[in-house]
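Structural overview for review
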Amino acid sequence: KNEVEQSPQNLTAQEGEFITINCSYSVGISALHWLQQHPGGGIVSLFMLSSGKKKHGRLIATINIQEKHSSLHITASHPRDSAVYICAVRSGSGSQGNLIFGKGTKLSVKP
Amino acid sequence: DGGITQSPKYLFRKEGQNVTLSCEQNLNHDAMYWYRQDPGQGLRLIYYSQIVNDFQKGDIAEGYSVSREKKESFPLTVTSAQKNPTAFYLCASSLSRLYNNEQFFGPGTRLTVL
């Protein structure tokens with residue numbers, strides 16, 4: 001079983017729809033990251049969370065430490081949001097563990 | 001502009017040849033990382049370096065080697081001992097590995113071994 005599981009694997013949405021991508025993990029963590037990978041391959045960090053909720057523009061990330069679960073929400077989705085979204089956790093109670101990555105969720109937003 | 005550069009973007013090599021992938025950063029970051037990405041899999045850590053002249057093996061270091069002679073540079077050599085080298089390679093850096101710092105990623109190098 002993978003230590004970081006994302007769902008769904010693939011997601012197609014119409015422009016304007018509200019999108020949710022889920023991430024569950026099975027290890028103790030000190031932080032969780034959401035990353036965005038564009039078709040060219042480059043990766044951008046979106047959020048780093050250790051508790052609660054963060055918002056940046058149309059993106060919202062939440063984490064529930066007790067349930068070992070995080071969600072990434074995109075409001076009013078747009079074709080430029082089409083990318084692979086990757087969840088990664090830093091394992092361990094300290095902050096020296098390596099990042100463990102999920103396999104990613106491929107999002108396609110149609111106009 | 002501050003950032004991470006990787007070159008080349010695409011690289012083709014014959015089986016049995018060593019190849020070195022370049023990674024340079026001008027963010028003044030202490031920590032640097034090399035990851036490998038294969039289709040349908042999450043990123044996996046090959047090597048990391050916390051400081052100049054220091055580096056540690058990650059989860060899949062076999063068949064790879066690195067050096068960290070300068071703070072800005074962390075080249076990765078894919079040796080002929082790597083059984084399946086064709087993959088997308090990403091370099092990243094962070095202020096420090098000791099804290100939950102954001103990692104900044106380069107654009108990646110796609111290596112194809114023929």
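Keep in mind that what you see is a predicted model, and the values were worked out from it rather than measured. (Residues numbered from 1 in each chain as written. Chains lettered and ligands numbered in written order. Predicted model: local features only at pLDDT ≥ 70, side-chain atom pairs only at ≥ 80, totals over all residues. Heavy atoms only, no water.)

Ranked by size, the top nonpolar core spans 24 residues in total, and within it Leu 32, Trp 34 and Val 89 of chain A carry the most contacts. Listed by contribution, the elements that provide at least two residues to this core are β3 (19-25), β4 (29-37), β5 (43-49), β7 (59-64), β8 (69-74), β9 (83-91) and β11 (105-110) of chain A. Ranked by size, the runner-up nonpolar core spans 20 residues in total, among them Ile 4, Leu 11, Tyr 64 and Phe 74 of chain B. (Core = buried A, V, L, I, M, F, W, Y, C linked by side-chain atoms within 4.5 Å. Buried < 20%, exposed > 50% of the residue type's maximum accessible area, 1.4 Å probe, protein only. Helix = DSSP H or I, 4+ residues; strand = E, 2+ residues; numbered from the N terminus.)

As a further point, take the packing of aromatic side chains. Scanning the model with the defined rule gives five aromatic pairs over all chains in all. Consider the rings of Tyr 35 of chain B and Phe 105 of chain B, whose centres lie 5.9 Å apart with planes at 35 degrees: the pair is tilted. With Tyr 35 of chain B in strand β4 (residues 31-37) and Phe 105 of chain B in strand β10 (residues 104-105), this residue pair connects regions lying 70 residues apart in the sequence. Exposure remark for Tyr 35 of chain B: the relative accessible area of 2% places this residue in the buried category. Ring geometry for Tyr 47 of chain B versus Phe 55 of chain B: centroids 6.0 Å apart, planes at 75 degrees, classification edge-to-face. Residue class for Phe 55 of chain B comes out partly exposed when judged on its relative accessible area of 35%. Joined through ring pairs, the aromatic side chains of Phe 101 of chain A together with Tyr 33, Tyr 35 and Phe 105 of chain B make up one cluster. (Phe/Tyr/Trp six-rings, centres within 6.5 Å; stacked < 30°, edge-to-face > 60°.)

Across a sheet, paired strands are connected by hydrogen bonds in the backbone, their directions being either parallel or antiparallel. All names here are of chain B. In spatial order, the strands read β1-β3-β8-β7; together these four strands make up an open sheet with antiparallel pairing. Across the chains shown, the open sheet's two edge strands, defined by having one partner strand only, are β1 (4-7) and β7 (64-66). Each neighbouring strand pair of the sheet contributes to a mean axis angle of 20 degrees, computed without reference to strand direction. The pairing of strand β3 (residues 19-25) with strand β8 (residues 76-78) spans three bridges and is antiparallel. Note that in β8 the partner of Val 19 across the bridge is Val 78. (Pairing = 2+ DSSP bridges. Axes fitted to C-alpha atoms, helices over the stretch in contact; angles between N-to-C directions.)

Next up on the list: the pattern of salt bridges. Residues and elements named next belong to chain B. Summed over the entire model, instances satisfying the criterion amount to four salt bridges over all chains. Residues Lys 71 and Asp 30 are paired through a salt bridge, measuring 3.4 Å at the closest nitrogen-oxygen approach. Of this pair, Lys 71 sits in the loop between β7 and β8 while Asp 30 sits in the loop between β3 and β4, and the two are 41 residues apart along the sequence. In this structure Lys 71 comes out as partly exposed when scored by relative accessible area, which is 25%. With a shortest N-O distance of 2.8 Å, Asp 38 and Arg 36 are connected by a salt bridge. (Salt bridge = Lys/Arg side-chain N within 4 Å of Asp/Glu carboxyl O.)

Any functional reading would require information that these geometric values do not contain.
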